[in-house]
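The lines below spell out each chain.
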Protein chains: 2
Amino acid sequence: MLTVAVDVMSGDRGATECVPGAVAALLDDPALAILAVGDPGQIEPVLARLGSAVRRRIGIVPAASVVPMDESPRHAIRTRRDSSMRVALDLVRSQRAAAAVSAGNTGALTGMAHFVLRTLPSVERAPIMSAVPAAHGHTYMLDLGANITATPVQLTQFALMGSIVAREAWNVREPRIGLLNVGKEDIKGHALVREAHERIRALGLNYVGFVEGDDIFSGEVDVVVTDGFTGNVALKTMEGLATLLTARLRAEFRRGPWSLLAGAVAHPVLRRVATELDPRRYNGACMVGLTAVVIKSHGRADRTAFASAVALAARAVRHELPRHIGEAFAQQAD
Amino acid sequence: MLTVAVDVMSGDRGATECVPGAVAALLDDPALAILAVGDPGQIEPVLARLGSAVRRRIGIVPAASVVPMDESPRHAIRTRRDSSMRVALDLVRSQRAAAAVSAGNTGALTGMAHFVLRTLPSVERAPIMSAVPAAHGHTYMLDLGANITATPVQLTQFALMGSIVAREAWNVREPRIGLLNVGKEDIKGHALVREAHERIRALGLNYVGFVEGDDIFSGEVDVVVTDGFTGNVALKTMEGLATLLTARLRAEFRRGPWSLLAGAVAHPVLRRVATELDPRRYNGACMVGLTAVVIKSHGRADRTAFASAVALAARAVRHELPRHIGEAFAQQAD
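Residues numbered from 1 in each chain as written. Chains lettered and ligands numbered in written order. Predicted model: local features only at pLDDT ≥ 70, side-chain atom pairs only at ≥ 80, totals over all residues.

Enquirer: Sorry if this is basic, but what is going on with the sheet that holds strand E8 (residues 207-211) of chain B here?
Expert: Pairing between sheet strands relies on hydrogen bonds along the backbone, with the strands arranged either parallel or antiparallel. All names here are of chain B. Strand order in this open sheet of 11 strands is E3-E2-E1-E4-E11-E10-E5-E6-E9-E7-E8, and the pairing throughout is mixed. Each having just a single partner strand, strand E3 (58-62) and E8 make up the two edges of the open sheet. Adjacent strand axes in the sheet meet at a mean angle of 25 degrees when their direction is disregarded. The pairing of strand E1 (residues 2-7) with strand E2 (residues 32-38) spans 6 bridges and is classified as parallel. (Pairing = 2+ DSSP bridges. Helix = DSSP H or I, 4+ residues; strand = E, 2+ residues; numbered from the N terminus. Axes fitted to C-alpha atoms, helices over the stretch in contact; angles between N-to-C directions.)

Next comes the structure, spelled out in structure tokens:
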């Protein structure tokens, strides 16, 4: 049995979506157990409906507070020792759980995870990495927002970790790595990305070189490396555009009887595309480079999306991501 | 008559698309004249088919070379005095034209435009600004890639110029300004954006505060301010996602007879949405803060898109953007 500690109180929707999400992940995976961390008064009613076989795989660990979405990482580390986020991470440190999942404040989760679980030897900072739909299936992008700035050495470490995670957790053979920039030529970009470019080149990975924003989707690379500021802006830009397009299509298909009919006829096809690109299916970003698995769920995740994040935690543990990354860094240090 | 100097040799498609594009803009605007800069051997054949009334509004100014897409700005400034890009800018400096348009290398155009035309007094750097489709119509974003880094003072200047251009050229009353960041709270982001945040706040604009990537489309702001690195990545991310979505929809609507039929029925509605969001309609980014109007067309622009860029140049001249910006900066300096 693999145990995941789940902060069920955080994110924009808290226990209302996180508890059913965690239960859905459990129903999908018979070898999974969950420690639901939070307010028992909000957790227990949801569990009451479950059969005893499933119920036995869920433990409740009380936590008195929740890290607010706008709290600074430093303040959260100092004052939120009783929060659902912190207690979930502590369960991993004390080895009562193999991984932690939270939909909370990214900055606080990053800070607390670094503080409680530490990075692996030689790893400077742990970025978050997630799948993005692309022409050839998916691209894996990091850092999506854990670290707001990144030095050339850190970007180089992100490239190495990204390559390992793409291979071990997402089965990409010889992942093609690209470094995000404003042009493909060696002369493009500022000093920082150019230094990272030279360093990554020297690593011996399958490094394609600089890529641009549209290459996230073009299928020319499997892993896109960038700092957490740029990565977060790119990710939210995608989300915003997808939302706009969906809204425009919906409005146009309601503009009159003929459009309504056309919408009804086209619906199954549009549905297929929408499902394929549904961000909820890709929810869950892996915080890579820590001594244990930590998964960040999108703050707006509903139960379906949150279940994906919990399932990703189980997959990352089974694929022993921390061990693979630790070994690769030990090898680099030799 | 308003004269625009058009570099018709640059961009991915060169004279093949740029000359017909310039002609199309001319046909649309009876008060416009064009100086087509480039290889007369490639320009003249296209003009031969035109009626004499239109033909009289086009002059040809020979230029011996074209700035390559991968040339460094410094090298281009030093060695490309005979290039179509440089000659077009020189025509503006010598006041034979009121504006210049080019689809060439962004870095070289930025460097050359700063070198030949200079920024207005007190303006440190000229960013490029363009319209992006949004829930309420459009958002105007800057810098989309002219300057790879930006200091807090420069971001503050971008906010002021963005506000003026949105009001004067795009008729947005009291434009709402947002500064792109990884979160909305004051504590989010790195020191640089936080300093810019404080400075923009002090300007007396209609400043909303920090916004995130999805707010480019949400309708909550009219102008999104960021550095050229982040802006360029966001812009190309949008382009890449739009291309992916279009390709996926096309593929799904061809997956069998029923889907083909559904596609045919839905086509007029999908067409409407596609046209509305067609990036070619928004082609042309305004380089703001120079002593004269310079428009950067997308490198991949076809003739329709290139015509939009030339039309934007005429609009920017008629709205006297450099004068408005110059006055605002003079006022700030008081």
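Enquirer: Quick question: what am I supposed to make of the relation of the copies chain B and chain A here?
Expert: The relation between the two copies of this chain is a rotation about an axis and a shift parallel to it. Between chain B and chain A, which share one sequence, the superposing operator has a rotation angle of 180 degrees and an axial displacement of 0.0 Å; the RMSD is 0.0 Å. Viewed as a symmetry operation, the transformation between the two copies matches a two-fold axis. Looking at chain B, 100% of its interface residues are interface residues in chain A too, so the copies touch through the same face. (Least-squares fit on C-alpha atoms with pLDDT ≥ 70 in both. Contact = placed C-beta atoms within 7 Å.)

Enquirer: Looking at this structure, how should I read the environment of A:Lys184?
Expert: Residues and elements named next belong to chain A. With respect to the helices and strands, Lys184 occurs in the loop between strand E7 (177-180) and helix H8 (191-201). Assessed through the 16 C-beta atoms surrounding it within 10 Å, Lys184 is described here as partly exposed. The spatial distance from the C-alpha of Lys184 to the C-alpha of Glu212 is 6.8 Å, given a sequence separation of 28 residues. If sequence neighbours within four positions are ignored, Lys184 has contacts with Gly209, Phe210, Val211 and Glu212. (Buried ≥ 20, exposed ≤ 12 C-beta atoms within 10 Å, placed from the backbone.)

Enquirer: Explain the interface of chain B and chain A to me, please; I cannot follow it from the model alone.
Expert: A common measure of how large an interface is: the accessible area buried when the components associate. The interface of chain B with chain A comprises 49 residues on the first partner and 49 residues on the second. Contributions of two or more residues to the side of chain B that touches chain A are made by strand E5 (128-134), helix H9 (215-218), helix H10 (228-252) and helix H11 (257-277) of chain B. Each residue belonging to the side of chain B that touches chain A can be placed in one class, and the counts come to 25 nonpolar, 13 polar and 11 charged. (Nonpolar A, V, L, I, M, F, W, Y, C, P; charged D, E, K, R; others polar.)

Enquirer: Quick question: what am I supposed to make of the sheet that holds strand E11 (residues 293-296) of chain A here?
Expert: Residue and element names in this part refer to chain A. Taken in spatial order, the 11 strands make up an open sheet running E3-E2-E1-E4-E11-E10-E5-E6-E9-E7-E8, and their pairing is mixed. Lying at the two open borders of the sheet, with one neighbouring strand each, are strand E3 (58-62) and strand E8 (207-211). Adjacent strand axes in the sheet meet at a mean angle of 25 degrees when their direction is disregarded. As defined by bridge partners, strand E5 (residues 128-134) adjoins strand E10 (residues 285-287) across 2 bridges and the pair is classed as antiparallel. When the sheet's bridge partners are listed, Ile128 is paired in E10 with Met287. Relative to the sheet, helix H5 (residues 84-93) contacts strand E1 (2-7), strand E2 (32-38), E3 and strand E4 (99-102), its axis offset from that of E1 by approximately 160 degrees.

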